[in-house]
Amino acid sequence: MKKILPITSIILFFSVLSCLAESENLLQSASFEGLAAGTGIGEPWRTRARGEQTTIEVARPKDDASGNWVLVKDYDGQEKVYLYTDVPQVTKGTLSFRLYFPSSSATVGIYLRNSSLDKTQNNIIEFKCLEDSGNIYVGSNGDRQKLPVIASGAEYLSFDIEFDATDAGEKIDVYVNDATGRHLIHSMLSPDGHPIDTVMITTDTQTAGSEFYVGDLKLLRG
């Protein structure tokens, strides 16, 4: 006689599948782990680092166990150094990453974009650190608010940015992770919520001297 699975088992099975789908790291294929130290970044990332004073390469901070890091250097005041990759469209999710500044603060931009929008409107989520002050700002399309943390000196910083394109606008929550846990440090609602389909890491054209590591990138849906 054919066995029939109890309905509770079926529900549990599909619940597990749903959780796995929601927790999938959409940047797994864009991981730097497994690449040889000192090599450039290839597909699915697209990069720009031109001239002797700019670098994008696989490297990890000294003594860190993770191999999922990239080093970005920009000592060219006219050049913008960047790497970006496409991701499946996400309306609600969490971007997680770590930063390490070897000696001082740097100009760092981490953007979640919508490629179908005009350039004046496509930065759905902006995370930006300024080299002169170490101040960190989060927002959307230039409307950014300062976080209550500063990047200064040789240190690691770990962030989770939760985003949700609601009817009211883009809901953004920022968490910092440290030895004591995960802490909500900033919440905001930006007008015009949109899904994102691109992740970009960049310096700036006015950067005098930026050197930083970014690693353990994860983009989780839901």
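Every value quoted in this text rests on a predicted model; they were computed, and no experiment measured them.

Caption draft 1: How the structure looks around the nonpolar core. Core analysis: the biggest nonpolar cluster contains 46 residues, and Phe97, Phe127, Phe159 and Leu219 have the highest contact counts within it. Every residue in contact with phenylalanine 97, bar those within four places of it in the chain, is listed here: Ile110, Phe127, Leu157, Ser158, Phe159, Ile161, Val214, Gly215, Asp216 and Leu217. Formed by five residues, the second largest nonpolar core is a distinct cluster that contains Ala59, Leu71, Tyr100 and Tyr213.

Caption draft 2: Region of the structure containing the sheet that holds strand β12 (residues 181–190). On the basis of which strands lie adjacent, the open sheet formed by seven strands has the order β2-β3-β14-β5-β10-β11-β12 and antiparallel pairing. Pairing within the sheet leaves two strands with one partner each, and these edge strands are β2 (54–58) and β12. Neighbour-to-neighbour, the strand axes of this sheet turn through a mean angle of 20°, independent of strand direction. Note: β2 against strand β3 (residues 69–74), five bridges, orientation antiparallel. Along β3, the bridge assignment pairs threonine 54 with aspartate 74.

Caption draft 3: Quick look at the side chain of threonine 54. Within the secondary structure, threonine 54 is located in strand β2. Judged by its relative accessible area of 6%, threonine 54 is buried. Here arginine 50 takes part through its backbone oxygen, which lies 2.8 Å from a polar atom of the side chain of threonine 54. Of the polar contacts made by the side chain of threonine 54, one reaches the backbone oxygen of glycine 51; its length is 3.2 Å. In this view, threonine 54 contacts Ala49, Lys73, Asp74, Asp76, Glu79 and Val81; residues no more than four positions away in its chain are not counted.

Caption draft 4: Representation of unusual backbone geometry in the model. Residue glutamate 43 is joined to proline 44 through a cis peptide bond whose omega torsion reads 10°. Assignment of secondary structure puts proline 44 in the loop between α1 (7–22) and β1 (46–48). In this model, aspartate 63 sits at a positive phi of 75°, which is unusual for a non-glycine residue. Relative to the helices and strands, aspartate 63 resides in the loop between β2 and β3. With relative accessibility at 75%, the residue aspartate 63 sits in the exposed group.

Caption draft 5: Just the confidence of the model for the chain, in detail. Considering every residue of the chain, the mean pLDDT works out to 89; 90% of them sit at 70 or more. A low-confidence stretch, residues 1–5 stays under pLDDT 50, and its non-local contacts, those more than four residues away or across chains, total one contact. The low-confidence segment residues 7–22 (pLDDT under 50) makes four contacts with residues lying over four places distant or belonging to another chain.

Caption draft 6: How the structure looks around the environment of threonine 94. With respect to the secondary-structure elements, threonine 94 resides in strand β5 (residues 92–101). As a C-alpha pair, threonine 94 and isoleucine 172 span 78 residues in sequence and 9.7 Å in three-dimensional space.

Caption draft 7: Local environment of the pairing of strand β4 (residues 82–90). Here β1 pairs with β4 via three bridges, running antiparallel. Of the residues in β4, the one forming a bridge with threonine 47 is leucine 83. Two elements, β4 and strand β13 (residues 196–202), share six bridges in a ladder whose sense is antiparallel. When the bridges of β13 are listed, tyrosine 84 appears paired with methionine 200.

Caption draft 8: Broad picture of the pattern of salt bridges. For the coordinates displayed, the defined rule picks out ten salt bridges. We note a salt bridge from aspartate 216 to arginine 98, for which the minimum N-O separation is 3.0 Å. One end of the pair, aspartate 216, is in strand β14 (residues 210–221); the other, arginine 98, is in strand β5, with 118 residues separating them in the sequence. For arginine 182, the salt bridge is made with glutamate 162, and the minimal N-O distance between the two is 2.8 Å. With arginine 182 in strand β12 and glutamate 162 in strand β10 (residues 155–166), this pair connects stretches of sequence that are 20 residues apart. Look at glutamate 162 and you get partly exposed, because its relative accessible area is 25%. One salt-bridge network, held together by shared partners, links Arg48, Arg50 and Glu79.

Cut-offs used in this document
Residues numbered from 1 in each chain as written. Predicted model: local features only at pLDDT ≥ 70, side-chain atom pairs only at ≥ 80, totals over all residues. Heavy atoms only, no water. Core = buried A, V, L, I, M, F, W, Y, C linked by side-chain atoms within 4.5 Å. Buried < 20%, exposed > 50% of the residue type's maximum accessible area, 1.4 Å probe, protein only. Contact = heavy atoms within 4.5 Å. Pairing = 2+ DSSP bridges. Helix = DSSP H or I, 4+ residues; strand = E, 2+ residues; numbered from the N terminus. Axes fitted to C-alpha atoms, helices over the stretch in contact; angles between N-to-C directions. Polar contact = N/O pair within 3.5 Å; in protein donor to acceptor, adjacent residues only side chain to side chain. pLDDT = per-residue confidence, 0-100. Salt bridge = Lys/Arg side-chain N within 4 Å of Asp/Glu carboxyl O.

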